[in-house]
Amino acid sequence: MGNYRIMVIDDEKIVGDMAKMSLEQEGYIVETFLNGESALARMKEEKFDIVVTDLKMKGINGMEVLRAIKSHYPETKVIMITAFANLDAAIEAFRGEVHDFFPKPVRINELKASIKRALNK
Amino acid sequence: MVKDFLGYLKSVFGTEKDTAQQLPFKLFFNQFKTVLDSDNQAIEIITDMGEKLGGDYLFDIVYVKRAYKELFDAISGSISNFDMLTQNKYLQLHDVFKNIDSRIRRALSDISPESVEKVIFYEDITWDMYPDVGGKNAGLAELKNFLRVNVPDAFVISTHAFDKFILYNGLKEKIELLHQYSGHDELPLNELRDSIINARIPPDLDIAINAAVEKLRARCEEDCFVAVRSSAEEEDSEFSFAGQFETILNVPPKGNAIMDAYKQVVASLFSVNAVAYQKRFGYNIGKLKMAVGCMVMVDAAASGVIYSTNPSGDRETMIINSIWGLGRPIVEGRTDADYYVVKKSVDPEIIDRKSGQKEFMTVSMKGGGTENIKTPDELRGKLSLNDSQIMDLALQTLLIEKHFRKPQDIEWAIDKDGRIFILQSRQMRIDDRKSNSSKVLPQSADSRPILLKDEGIVVQKGVGAGRVFTLENVEELRNFPRGAILVARHDSSDFVRLMTYVSAIITDIGTPTSHMASLSREFKVPTVVNTGTATKVLKHGQKITLNADDEGNITVYDGIVQELIEHTETNYTGMEDVYEYRKKRYVLRYISPLNLVDPLVDNFTVKGCKTIHDIVRFIHEKSVAELIDIAEHENSKLEMRFAVKLELPIPVGIVVIDIGGGLTFSRSPDDISSGNFLRHRQKKLKSVTFEEITSLPLKSIIKGMMQTGAWNSEIVPLKASDLLTSIMRTSDIVSEGMNNAIYNVAVVSKEYVNLNLRFGYHFIIVDCFCSENARNNHIYFRFVGGGTNIVKRSRRVRFLADILKVYGFNMSIKGDLLIGRIANIGRNEMLKILERLGLLIAYSRQLDAFLHDDSSVERYTKNFIEGNYKR
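The rules behind each value
Residues numbered from 1 in each chain as written. Chains lettered and ligands numbered in written order. Predicted model: local features only at pLDDT ≥ 70, side-chain atom pairs only at ≥ 80, totals over all residues. Heavy atoms only, no water. Buried < 20%, exposed > 50% of the residue type's maximum accessible area, 1.4 Å probe, protein only. Helix = DSSP H or I, 4+ residues; strand = E, 2+ residues; numbered from the N terminus. Pairing = 2+ DSSP bridges. Contact = heavy atoms within 4.5 Å. Expected span 1.5 Å × (residues − 1). Polar contact = N/O pair within 3.5 Å; in protein donor to acceptor, adjacent residues only side chain to side chain. Axes fitted to C-alpha atoms, helices over the stretch in contact; angles between N-to-C directions. Core = buried A, V, L, I, M, F, W, Y, C linked by side-chain atoms within 4.5 Å. Parallel < 35°, antiparallel > 145°, perpendicular 65-115°, else oblique. Left-handed = near helix turned anticlockwise from the far one by under 90°. Nonpolar A, V, L, I, M, F, W, Y, C, P; charged D, E, K, R; others polar. Arc of directions from axis to C-beta. Phe/Tyr/Trp six-rings, centres within 6.5 Å; stacked < 30°, edge-to-face > 60°. Lys NZ or Arg CZ within 6 Å of the ring centre and 35° of its normal. Salt bridge = Lys/Arg side-chain N within 4 Å of Asp/Glu carboxyl O.

**What to know about the pairing of strand β26 (residues 745–748) of chain B**
All names here are of chain B.
Here's step 1: Where burial is concerned, the two faces of β26 agree: the one with Val-745 and Val-747 and the one with Ala-746 and Val-748 are both buried.
Here's step 2: Pairing of strand β24 (residues 654–658) with β26, which is carried by four bridges, proceeds in the parallel orientation. Counterpart to Val-655 in the pairing with β26 is Val-745.
Here's step 3: Pairing of β26 with strand β27 (residues 752–759) involves four bridges; the strand directions are antiparallel.

**Looking at the side chain of Thr-82 of chain A**
Here's step 1: With respect to the helices and strands, Thr-82 of chain A occurs in strand β4 (residues 77–82).
Here's step 2: Residues within four places of Thr-82 of chain A in sequence aside, it is in contact with Asp-54, Leu-55, Phe-101, Phe-102, Pro-103 and Lys-104 of chain A.

**Overview of helix α15 (residues 387–404) of chain B**
All names here are of chain B.
Here's step 1: Taking 1.5 Å per residue, 18 residues should reach 26 Å; α15 reaches 26 Å between its end C-alpha atoms and fits that length.
Here's step 2: Taken together, the buried positions of α15 are occupied by Gln-389, Ile-390, Leu-393, Ala-394, Gln-396, Thr-397, Leu-399, Ile-400, Glu-401 and His-403.
Here's step 3: Where α15 starts, the residue carrying a side-chain oxygen 3.2 Å from the main-chain nitrogen of Ser-388 turns out to be Asn-386.
Here's step 4: Directly beyond the C-terminal end of α15, a positive phi value near 60° is found at Arg-405.

**Quick notes on the pairing of strand β11 (residues 360–364) of chain B**
Residues and elements named next belong to chain B.
Here's step 1: Pairing of β11 with strand β12 (residues 370–374) involves five bridges; the strand directions are antiparallel. Within β12, the position partnered with Phe-360 by the bridge is Lys-374.
Here's step 2: Between the antiparallel neighbours β11 and β12 lie five residues, among them Gly-368 with a positive phi of about 125°.

**Structural notes on the sheet that holds strand β14 (residues 420–427) of chain B**
Residues and elements named next belong to chain B.
Here's step 1: Taken together, the six strands give an open sheet; going across it, the order is β10-β9-β8-β7-β13-β14, and neighbouring strands pair in antiparallel fashion. Whereas interior strands pair on both sides, the edge strands pair on one side only; in this sheet they are β10 (349–354) and β14. Neighbouring strand axes in the sheet, compared pairwise and without regard to direction, differ in orientation by 20° on average.
Here's step 2: As paired elements, strand β13 (residues 408–415) and β14 share seven bridges and run antiparallel to each other. Directly across from Ile-410, in β14, lies its bridge partner Ser-425.
Here's step 3: α15 contacts β7 (300–307), β8 (317–324), β9 (338–343), β10, β13 and β14 of the sheet and is inclined by roughly 40° relative to β14.

**A word on the nonpolar core**
All names here are of chain B.
Here's step 1: Core analysis: the biggest nonpolar cluster contains 82 residues, and Phe-25, Met-49, Leu-71, Ile-612 and Ile-615 have the highest contact counts within it.
Here's step 2: Apart from residues no more than four positions distant in its own chain, Leu-71 is found in contact with Ala-42, Ile-45, Ile-46, Met-49, Ile-591 and Ile-612.
Here's step 3: Counting residues in each nonpolar core, the second largest holds 67 residues, with Phe-225, Met-297, Ala-484 and Leu-594 among its members.

**Overview of the packing of helix α2 (residues 36–45) of chain A against helix α3 (residues 62–72) of chain A**
Residues and elements named next belong to chain A.
Here's step 1: Taken N-terminus to C-terminus, the directions of α2 and α3 make an angle of 15°; their axes are 10 Å apart at the nearest point. With respect to their mutual orientation, α2 and α3 come out roughly parallel. You can see that α2 and α3 cross each other, and the crossing is right-handed. The segment α2 lies against α3, with Gly-36, Leu-40 and Met-43 engaging Val-65, Ala-68 and Ile-69.
Here's step 2: When the residues that make up the contact of α2 with α3 are grouped by side-chain class, the tally is five nonpolar, one polar and no charged.

**Some details on helix α7 (residues 159–168) of chain B**
Residue and element names in this part refer to chain B.
Here's step 1: Inspection of α7 places Thr-159, Ala-161, Phe-162, Phe-165 and Ile-166 among the buried residues, and these make up the whole buried set. Along the axis of α7, the buried residues cluster in a sector spanning 150°; they form a single face.
Here's step 2: The N-capping residue of α7, defined by a side-chain oxygen 3.3 Å from the backbone nitrogen of His-160, is Ser-158.
Here's step 3: Just beyond α7, the residue with positive phi is Gly-170, at close to 60°.

**Quick word on the packing of aromatic side chains**
Residues and elements named next belong to chain B.
Here's step 1: This model, assessed by the stated rule, comprises 21 aromatic pairs over all chains.
Here's step 2: Measuring from ring centre to ring centre gives 5.8 Å for Phe-32 and Phe-769, while their planes differ by 70°; the resulting arrangement is edge-to-face. Within this pair, whereas Phe-32 is found in helix α3 (residues 24–52), its partner Phe-769 is found in strand β28 (residues 762–769), the two being separated by 737 residues in sequence. Across this residue pair, the class does not change: Phe-32 and Phe-769 are buried.
Here's step 3: A ring pair is formed by Phe-864 and Tyr-869, whose centres lie 5.4 Å apart and whose planes are at 55°; its orientation type is tilted.
Here's step 4: Judged by relative accessible area, which is 0%, Phe-864 ranks as buried.
Here's step 5: The ring of Phe-121 carries the charged tip of Lys-215 above its face, separated from the ring centre by 4.4 Å.
Here's step 6: Stacked on the ring of Phe-690, the Lys or Arg Lys-699 has its end atom at 4.9 Å from the ring centre.

**Considering the pattern of salt bridges**
Residue and element names in this part refer to chain B.
Here's step 1: Following the criterion strictly, the structure yields 51 salt bridges over all chains and no others.
Here's step 2: Here Arg-380 and Asp-377 are joined by a salt bridge, their closest N and O atoms 2.5 Å apart. Placement of the pair is Arg-380 and Asp-377 together in helix α14 (residues 377–380), with a separation of three residues, close to one helical turn.
Here's step 3: When its relative accessible area of 15% is taken as the criterion, Arg-380 is described as buried.
Here's step 4: Here Asp-508 and Arg-489 are joined by a salt bridge, their closest N and O atoms 3.0 Å apart.

Pasting the structure below:
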């Protein structure tokens, strides 16, 4: 699993920092971004296996990130996390072929399990 | 009071007409339940925040703010309900809450304190103040305030004061010139240092320092001298600055002397060496600010340094160096020192000790300052620490390292009375351990004998290993050895005093939302409650290892399973290293910790509330106290029109006032409003039988009272000194009681009882709420008086106390007055206790007359516990 690359996008630094700390311990390579723009720019340079993104962000939001990834990098799996979970958002995300959808706070072990499932598909 | 309260409730709840048909106490009781409900809601949010911010969840500030908003609303509701209940008796609680709330909001909004004090005492330092007090002081204050480690009394002259000092003396420009400092010319540095030494302390800082010195002196046992120490590190700094700045030891406790030392320390920021050091590590010269700690000197018999992790040998060991006198020669590397290697484990083990030739030692001089003297011959080659001191240091070191999650470089001293003080603890620069160990539980653990498996509820996951300490009663907590595992019948917030050094907690009975449970999570103590049998299965002194995992699996192994302990250590999430996480989590400091532990001791006051949890606890306890108080008044006033008599086959007359669901016997509202019942009562009081009691707590008490052998049927052997009482006692138990001005009265609901008993000359109150929610529940028991002389009465109180202790009651005793209380127990267990209490009340009724000597107390206690009720 050592070479899998994961990108975490959240406009709150704490989410990226915590995710990086826990996912790197699993052997993943993790990069964090505070907004969709910089994340998508980075994706042009490097392939990522998993993108964990916040839904509600200033500028390009999580749904737009999902759409951009699905159209340009269909191999990349997207996991959406949001503090503002509601059914509509979840349905829309799943229509957009999100791999998984979690309300925040999300249990880190659940996120790890979801990432493993995504990589095994 | 009751009348006032009724009027008050009427004004709040509606017209007189609305309330006329209700008992005032019923209204009061409903209000009490409302307070408990909002209080419970608050504790649930506190529990949730503790869990979500515990490092196992990804969370963001949106969650923290939302959760806190809910908590704020719950507490606001709780306080206003509480005001109503207590008739605004504790209005200061609003200010306390406001103060805590503003600290929380400050922590949530990333705003640094608006007005940083120029001088701050350690007890007022919180983690977020490191830019104001420097990393070294912040760390020490953390040890003192949170871990309760013994750190000398101290105050800090803040970086804010430093700014003022520099500005006041026009030194800002000189310092700014250094931003471009090349590092070759020493002249500008020397000039700057001279200017600082000759600078004047701004008047307001002068006042503040003098006041702090006076305060420090007032708190000293003797006339204390002060160590003036630099604290310039930034909190997240990788660099220790070890030995770069000045420390002035043994400064006389006078404002001027302290200020001179202060200037010397500040000047050392610009010493040639310190500047070279800063340049080497990429600091902009002149940017660093200096906070200065003024700490009471320890009159050291021995001092030294500990590396909590051996940097050059076995990482599972720590190194202790020690010398006689003050520690300066060690940190300056100027003397040979004693050297000890200690194996780090639950039971630390001294694996090597070498004595050094300590040629000289540094000691404090009488009038101030220090001097080096030749070490007396008999001490020179002698070890400066004994084994028990080494073990004590080792245990404290393990605690500190565990807390900071990083190897620590610790300075310590032992005073002439043998007390250990920690003087500094800073992160060691050491290569991180690379661990390839798997995340999977070591298989080898599975082959160990298992003592308990999957019994109970995990409150805090983790692995804890050590010797079992089986708790019989709370007083034994005083003897609890560091690193042991506490095994107790019930959980209790009294355990807070162990939290920093208990390895794990296992209880027979308990809930994951108790006060103790929040404490376990706060302190990350592996804790399992409700195992049912732990106190029976686990033997006092036995070595065990508890493993409570993420999934709620619980295993208790026989013996110390080293692999498991190591597994957990390497499995450590590292989340504490994430700065943003620590910062956000810090908000819990104002929420979760519990300072108000024992309602029977003095600090249980509004002022004692330092956290939201304290407020919740305070409200709960004081509401219960209020309930008992009001119920007592209610009893004395007796709304007899609602009273019914209990027909019992035992010699005690009790009338019951039902405020809801306490009796199956019921009259229609018509009866009451038309006054039929009242007329009926004037003839003869209506009666109910034992079977008609539906009040759970009352039923249990009466059941206990009715147990065979509970009542003494023989004539009590009285002595002359007891004669007076014997004459006066005649009517109390056999009389109907109804003709007497004093009644035995029970105010009941389905889940509540307040029972007032008067037997001759002793009075008993039992107040109990036993709902389905363990957190709401309490039993309050008060016993006072008696007919015999004070010695015998006190013996009876001792007898009662000894038995109640076994049931887990907390007690306070004054002469022949005993107050016992127990709380946070599930309903079934409560009812069992109440039944025993009923039996005890009956059994002890005339027991004082039998307690001829102290040894009889022990005998009767033993007999009673064993079920032998013979007198």
